[in-house]
Amino acid sequence: MGTCLCDAFFDDVARATVEVLDYLGCDVRFPEAQTCCGQPAFNGGDWKAARKVIRHTVKTFDGELPIVIPSGSCAHMVHHGFSLAMEGQDDADCVGPFSERTWELTDYIVNGLGVKEWQGKFPARIALHRSCHTRGSRTIDSAKILLSSIDGLELVEFGEQEQCCGFGGTFSVAFPNISTRMGQLKCSHLLADKPDMLAAVDMACMLHLGGILDREGHDVPRLHVAQILRDALKKGGLL
Amino acid sequence: MIKVDKYPTVQAVDEFARELPEEVRQSVYSASKIKTEKRVDALWRDFPDPDANRRLAGEIKQHTLEHLGDYLVAAEARLKANGAEVHWATDGDACNRIIGEILRANQCSRVVKSKSMATEEIELVPFLEKQGIEAIETDLGEYIVQIDGDHPSHIVTPIIHKNRRDIARSFEREGLGEYNDDPAVITMRARKFLRGKYLQADAGITGANFISAESGRIVLVTNEGNSRFCLAAPKIHIAVVGIEKLVPRDKDLSLFLSLLARSATGQCLSVYTEFINGPRMAEQQHGPEQMHVVFLDNRRSEVLASNCREILRCIRCGACLNVCPVYRQASGHGYREVYSGPVGAVLSPLLHGKKFPQLADLPKASSLCGACNDVCPVNIPIPTLLLRLRDKAKTEGSPAAAAGTPPMGAWSILASSPGTWKVALQAGKVMNLIPHSFLKINPAARAWTGSRDLPAFRGGAFRKWLKDRNKTANNPPQAQQ
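Note that the structure is predicted; figures quoted are calculated from it, not measured.

**Q** Pulling in residues and values, what's your account of the interface of chain B and chain A?
**A** With 75 residues of chain B at the interface, the matching set in chain A holds 64 residues. Taken over both partners, the interface formed by chain B and chain A buries close to 6,300 Å², and the fraction arising from carbon and sulfur atoms is 60%. Joining chain B to chain A, the criterion identifies ten salt bridges. Across the chain B-chain A interface, the total number found is 31 residue pairs in polar contact (both at pLDDT 80 or more).

Below, the structure is given as structure tokens:
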């Protein structure tokens, strides 16, 4: 699943995801009819609108193949939001099997494919934002396992790691003051130890942190973990 | 307290946070952060797997709620056998009336009370004052709130929003001595004043942190020992107990007490933990001669019947407030009700009954980051409950909840029509040509661009790359129609 944010802003993240999965020997399919997981409406409280998009997504990805998403929050939406939004609906049963074959990208690489070391090299000190929607999932551990195994890559520690970036979907526009303050605080922690770049496992966090950093004139690079994995292979001459 | 405009473009909690004095924000933020850190230290130092304790405590509470009727009957029988009188209050007015009648029947004109969120909820003290009864809060924080005519801004630390200079000024105004902001001096002055009040009081009013259905034992935890003093001299003890405060057995208390103190303040155990079996027995020389337990419903049974019943597991530790990034910016007063933070965002609108739409914006005051669920000692799935209430708010058409949230109907049609979606992705590139100043016409865009940039729109770029790649490569990935 390419996600709407990749479709609109972060094309290289979707591209890196395809390249990484391709490198691992996966036969990647991209159902053209896909749009969005429905999360904006679901989190915004419009579950009727969300169900419309959920049904479309379930139909679009019909079949048995594993569904891999380079986004912690979209994976969380499928795993938790789908069944919540569909509670009491006649076709609620359709989301269970769909959810079972859905994976966040790094979780899929580490726990689905059993790849626990990443080849190539990536000489950089990186602050990895944990992305809140990965709580209770295996994603952030998986991302850390992969990143810390890369030759030359060092993960930087920072304060209040558990704190949110302040995005929260429609929260970011309905609560612009609180959301911005949360993001500014997060950025100050992420940048405290002067990392070479920032990384996340979710484009939504990247959109928010990036928006704040751009406005404040910070040019520290921001990468999705998929891009780091892909670039490590390239730097190591493996891709 | 703030008013919700009819059709504002940002949320009331956000407006409140924007206007909050920087000094107050810093007090709330620093104190919350320290308590969060102490909680983590205490739990992980003392238990091999604190999450297992949280899950177990959550299951015990959920079980209690699923069988609440049976446990309440059992508790009532035990309390009566212990010599206490049991009263049932369907709502706040009924609870206040019952307490007023007990006090009148016993010619009580002076009351001391210990900290209790249930009594805040039903506004007991203002009610008693109207009846001509002197009612003194004896928890230091609550006492300061009382003399300032303020409201608690935190479940556990009611004056988290104040600093010692504010308090010194209040004490000077109340005639408790000349201005002195040394915390030790403030505390000793309060102690001297309150000790006089304890000795004069006719009745002591408390809440209850827990009540055991098995023994009828009421458990009170404090760090100041004030609830103990409230019961030492007065002849009458009245406990106001929310019906959700039950635990099945005495042995369950070891788990709950160890989680409560660690979650609330990072202590292993609160300084004072009292187990109250009933009024003074014939062979005892001290203690209240009468004990009254008033069970308070006040819409809790409605919550129990709803799809948000898990919120009734709450043991009022405040850990979700402390960890919440929104609470840290908005403080408790931003939530306009007695219960604030994530738990308040769920509980306050539910306890509002038919007036739910007025507080239906509170469940929106969350980025759904899930930190509240992670720290909850009874594992309440707060983000799930916030989401359910957002759905309820939308279904019931609350203007307060709708403020600032872009409408999603047209978007959902777009996002379920793949052909139009692809055209929109291409067409969206036109956004790159629009100066950001033009975007300000749209409230949502204005709210974003006030403090944040948008990246360049690259709609359709990935799909184009994929198509080109598949044309040149013999191997997958392949686009599927």
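**Q** Which residues make up helix α7 (residues 105-112) of chain A, and what values go with them?
**A** Residues and elements named next belong to chain A. Among the eight residues in α7, six count as buried, and that is most of the element. Those residues of α7 that sit buried are Leu105, Thr106, Asp107, Tyr108, Ile109 and Val110. On its buried face, α7 sits against α2 (11-23), β2 (67-69), β3 (102-104), α8 (139-148) and α12 (225-235). Positive backbone phi, at 75°, marks Gly114, one or two positions downstream of α7.

**Q** Can you explain the packing of α2 of chain A against α12 of chain A? Please cite residues and give values.
**A** Residues and elements named next belong to chain A. Contact pair α2 / α12: the axes reach a minimum separation of 8 Å and the direction vectors enclose 55°. Considered as vectors, α2 and α12 are oriented oblique to each other. Crossing of α2 against α12: the hand is left-handed. Two secondary-structure elements touch here, α2 through Asp12, Val13, Arg15, Ala16, Thr17, Glu19, Val20 and Tyr23 and α12 through Ala226, Gln227, Leu229, Arg230 and Leu233. In the contact of α2 with α12, the residues fall into seven nonpolar, two polar and four charged.

**Q** Pulling in residues and values, what's your account of the environment of Glu137 of chain B?
**A** Residue and element names in this part refer to chain B. Relative to the helices and strands, Glu137 is located in strand β3 (residues 134-137). Using a relative accessible area of 4% as the deciding quantity, one classes Glu137 as buried. Expressed as a C-alpha distance, the spacing of Glu137 and Lys197, which sit 60 residues apart in the sequence, is 10.0 Å. Polar contacts involving the side chain of Glu137 include one to the side chain of Lys113, which spans 3.1 Å.

The rules we used
- Residues numbered from 1 in each chain as written.
- Chains lettered and ligands numbered in written order.
- Predicted model: local features only at pLDDT ≥ 70, side-chain atom pairs only at ≥ 80, totals over all residues.
- Heavy atoms only, no water.
- Contact = heavy atoms within 4.5 Å.
- Buried area = accessible area lost by both parts, 1.4 Å probe.
- Salt bridge = Lys/Arg side-chain N within 4 Å of Asp/Glu carboxyl O.
- Polar contact = N/O pair within 3.5 Å; in protein donor to acceptor, adjacent residues only side chain to side chain.
- Buried < 20%, exposed > 50% of the residue type's maximum accessible area, 1.4 Å probe, protein only.
- Helix = DSSP H or I, 4+ residues; strand = E, 2+ residues; numbered from the N terminus.
- Axes fitted to C-alpha atoms, helices over the stretch in contact; angles between N-to-C directions.
- Parallel < 35°, antiparallel > 145°, perpendicular 65-115°, else oblique.
- Left-handed = near helix turned anticlockwise from the far one by under 90°.
- Nonpolar A, V, L, I, M, F, W, Y, C, P; charged D, E, K, R; others polar.

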